[in-house]
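# Residue-level structural notes
Okay, here's what each chain looks like letter by letter:
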Amino acid sequence: MSQYIERYQRRKLISSYFSVVLSIALVLFLLGVLGLLVLNTKKLADHFKEQITISVFLKDNAKPVEIDQLQKSLALAEYTKSAEYISKEDAAEQYSEDIGENFVEFLGYNPLQNSIDVHLKADFVSPEQIEQIAGDLASKTYVEEVSYDKPLIELLNDNARKISLWILVASAIFTVIAVLLINSSIRLSIYSKRFIIKTMQMVGATKTFIRRPFIWTNIKLGMVGAVVALIALGILIYYINKNFPELDLFNEYVVLIFLFVGVFGLGVVISWASTHFATQRFLNLRTDDLYY
């Protein structure tokens, strides 16, 4: 009978520890995902900004040397990420593939123009800067037209600012929620041992002596939960980096180290603080209050 009770208590203890570890791991994982998003908000915004293209359409009488000089000057410009020359023939071939028929044969001539597609660096993607760049390019005598999507640029900049603000607000709210959830899980696990705590106190054990094993146990559970969360977070980062290599997350090793250390440290600190205050609460309760 005693062996059955001992096995039952052991299973109950393991189940309690497992629920605490799982709660900590899930909360820290979600917090880590949010932290990854916060730390890479600018990088994500820059990635989308650098997809913006300025198309410089050239006149038919533009000389090859002029086109070559323009392309080289654009490639060396401080605002340029990349500059690609597209001949009217290549443009017609691509357009024919897009629409599924040869429009040149239908029209009898190629109405498209030679052009240079310029991808800008993210820091220069703003309505004012792009307008100035487009004006400088359009002033050249052999440039027919400079085209870009102005409404899209304005929308992109506005949304980038709004998203950054809301991510920061969501991070603050979610951090508070994470602390409360982990605290609740630990408080429940300590609640089941409230009579043991009071018994130890009644036989003369000091508060520090009583708190120490509970704090150390829950710190270890917090470490285990943090490790589980970091493993899951590492798998997620690997998946994102594999499917979106342009984000190049693994090269941001300083950011990743900061994130992983932060998540691990947060798991330890919250576990310590929650255990300390939970045990303190039961230590300060009267014996009759333990039943409520």
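Residues numbered from 1 in each chain as written. Predicted model: local features only at pLDDT ≥ 70, side-chain atom pairs only at ≥ 80, totals over all residues. Heavy atoms only, no water.

### Looking at the side chain of Asp117
Along the chain, Asp117 falls in strand S3 (residues 115–120). For the buried Asp117, no salt bridge is present, and the opposite-charge side chain at shortest range is Lys81, 15 Å distant. Within the structure, Asp117 has its side chain in polar contact with the side chain of Ser55 (distance 3.1 Å). Every residue in contact with Asp117, bar those within four places of it in the chain, is listed here: Thr53, Ile54, Ser55, Ser82, Ala83, Glu84 and Ile86. (Helix = DSSP H or I, 4+ residues; strand = E, 2+ residues; numbered from the N terminus. Buried < 20%, exposed > 50% of the residue type's maximum accessible area, 1.4 Å probe, protein only. Lys, Arg positive; Asp, Glu negative; His and termini not counted. Salt bridge = Lys/Arg side-chain N within 4 Å of Asp/Glu carboxyl O. Polar contact = N/O pair within 3.5 Å; in protein donor to acceptor, adjacent residues only side chain to side chain. Contact = heavy atoms within 4.5 Å.)

### Points about helix H8 (residues 194–202)
If you check which residues of H8 are buried, you get Arg194, Ile197 and Lys198. Looking straight down H8, one finds that the buried residues subtend no more than 95 degrees of arc, so they occupy a single side. (Arc of directions from axis to C-beta.)

### Focus on a negative patch on the surface
A contiguous patch of negative charge, built from Glu84, Glu89, Asp90, Glu93 and Glu97, is present on the exposed surface. Of the residues forming the negative patch, the biggest block, 4 residues, is contributed by helix H4 (residues 88–99). Mapped onto the fold, Glu97 is located in helix H4. The exposure class of Glu97 is exposed, given its relative accessible area of 56%. (Patch = residues over 30% accessible without salt bridge, like charges linked within 9 Å, V, L, I, M, F, W, Y side chains within 5 Å. Areas by Shrake-Rupley, 256 points an atom, 1.4 Å probe, with all protein chains shown as cover. Charge placed at Lys NZ, Arg CZ, Asp CG, Glu CD.)

### Description of helix H7 (residues 150–191)
At 3.6 residues per turn, the α-helix brings residues three or four places apart onto the same side. Its 42 residues place the ends of H7 61 Å apart at the C-alpha level, agreeing with the 62 Å of an ideal helix rising 1.5 Å per residue. Those residues of H7 not exposed but buried are Ile153, Asn157, Ala160, Ile167, Ser171, Ala178, Ile182, Ser185, Ile186, Ser189 and Ile190. With a side-chain oxygen positioned 3.2 Å from the backbone nitrogen of Leu152, the residue opening H7 is Asp149. (Expected span 1.5 Å × (residues − 1).)

### Describing the packing of aromatic side chains
Each aromatic ring pair is characterised by the separation of its centres together with the angle its planes make. Summed over the entire model, instances satisfying the criterion amount to 1 aromatic pair. Measuring from ring centre to ring centre gives 6.4 Å for Tyr79 and Phe124, while their planes differ by 65 degrees; the resulting arrangement is edge-to-face. With Tyr79 in the loop between helix H3 (64–76) and strand S2 (80–86) and Phe124 in the loop between S3 and helix H6 (127–138), the pair connects residues that are 45 residues apart, well separated along the chain. (Phe/Tyr/Trp six-rings, centres within 6.5 Å; stacked < 30°, edge-to-face > 60°.)

### What about the environment of Val20?
Structurally, Val20 can be placed in helix H1 (residues 2–39). If we skip the residues at most four places from it in the chain, Val20 touches Ser185, Ile186, Ser189, Asn218 and Leu221.

### So, the packing of H6 against H7
A pair of packed helices can be characterised by two numbers: the angle between their axes and the separation between those axes. Across the interface, H6 lies against H7 with an axial gap of 10 Å and an inter-helix angle of 150 degrees. If you check the angle between H6 and H7, you find them roughly antiparallel. For the pair H6 and H7, contact is made by Pro127, Ile130 and Glu131 and by Lys150, Ile153, Glu154 and Asn157, respectively. When its residues are assigned to classes, the contact of H6 with H7 shows 3 nonpolar, 1 polar and 3 charged. (Axes fitted to C-alpha atoms, helices over the stretch in contact; angles between N-to-C directions. Parallel < 35°, antiparallel > 145°, perpendicular 65-115°, else oblique. Nonpolar A, V, L, I, M, F, W, Y, C, P; charged D, E, K, R; others polar.)

### Notes on the pattern of salt bridges
Close approach of charged atoms allows side chains of opposite charge to pair. Per the counting criterion, the structure on display carries 2 salt bridges. Glu50 serves as the salt-bridge partner of Lys81, at 3.6 Å between the closest nitrogen and oxygen. Pair noted here: Lys81 is in strand S2 and Glu50 is in the loop between helix H2 (41–49) and strand S1 (53–58), with a separation of 31 residues, a long-range link. Ionic pairing is found between Asp68 and Lys72, a salt bridge with its closest N-O pair at 3.3 Å. Of this pair, Asp68 and Lys72 are both found in helix H3, 4 residues apart, which corresponds to roughly one turn of the helix.

### Focus: the confidence of the model for the protein
Averaged over all residues, the pLDDT of the protein is 78; the fraction at 70 or higher stands at 85%. Mean pLDDT across the elements of the protein bottoms out in helix H5 (residues 103–107) (64) and peaks in S3 (87). (pLDDT = per-residue confidence, 0-100.)

### Describing the packing of H2 against H7
One way to put it is that H2 packs onto H7 with a least axis distance of 11 Å and a crossing angle of 165 degrees. Classified by the interaxial angle, the pair formed by H2 and H7 is roughly antiparallel. Viewed along their axes, H2 and H7 form a crossing whose handedness is right-handed. Across from Thr41, Ala45, Phe48 and Lys49 in H2, the residues of H7 making contact are Leu156, Asn157, Ala160, Ser164 and Ile167. Grouping the constituent residues of the contact of H2 with H7 by class yields 5 nonpolar, 3 polar and 1 charged. (Left-handed = near helix turned anticlockwise from the far one by under 90°.)

### Some thoughts on the nonpolar core
Formed by 27 residues in total, the largest nonpolar core has its most connected members in Leu28, Ile182 and Ile237. Counting only elements with at least two residues in this core, the list comes to H1, H7, helix H9 (207–243) and helix H10 (253–284). Sorting elements by how many residues they give to this core places H9 first, with 8 residues. Here Ile182 is in contact with Ile24, Val27, Leu28 and Ile270, once residues within four sequence places are set aside. (Core = buried A, V, L, I, M, F, W, Y, C linked by side-chain atoms within 4.5 Å.)

### Section: a nonpolar patch on the surface
On the surface, Leu165, Trp166, Val169, Ile173, Ile177 and Leu181 cluster together to form a nonpolar patch covering roughly 590 Å² of accessible area. By secondary structure assignment, the location of Leu165 is in helix H7.

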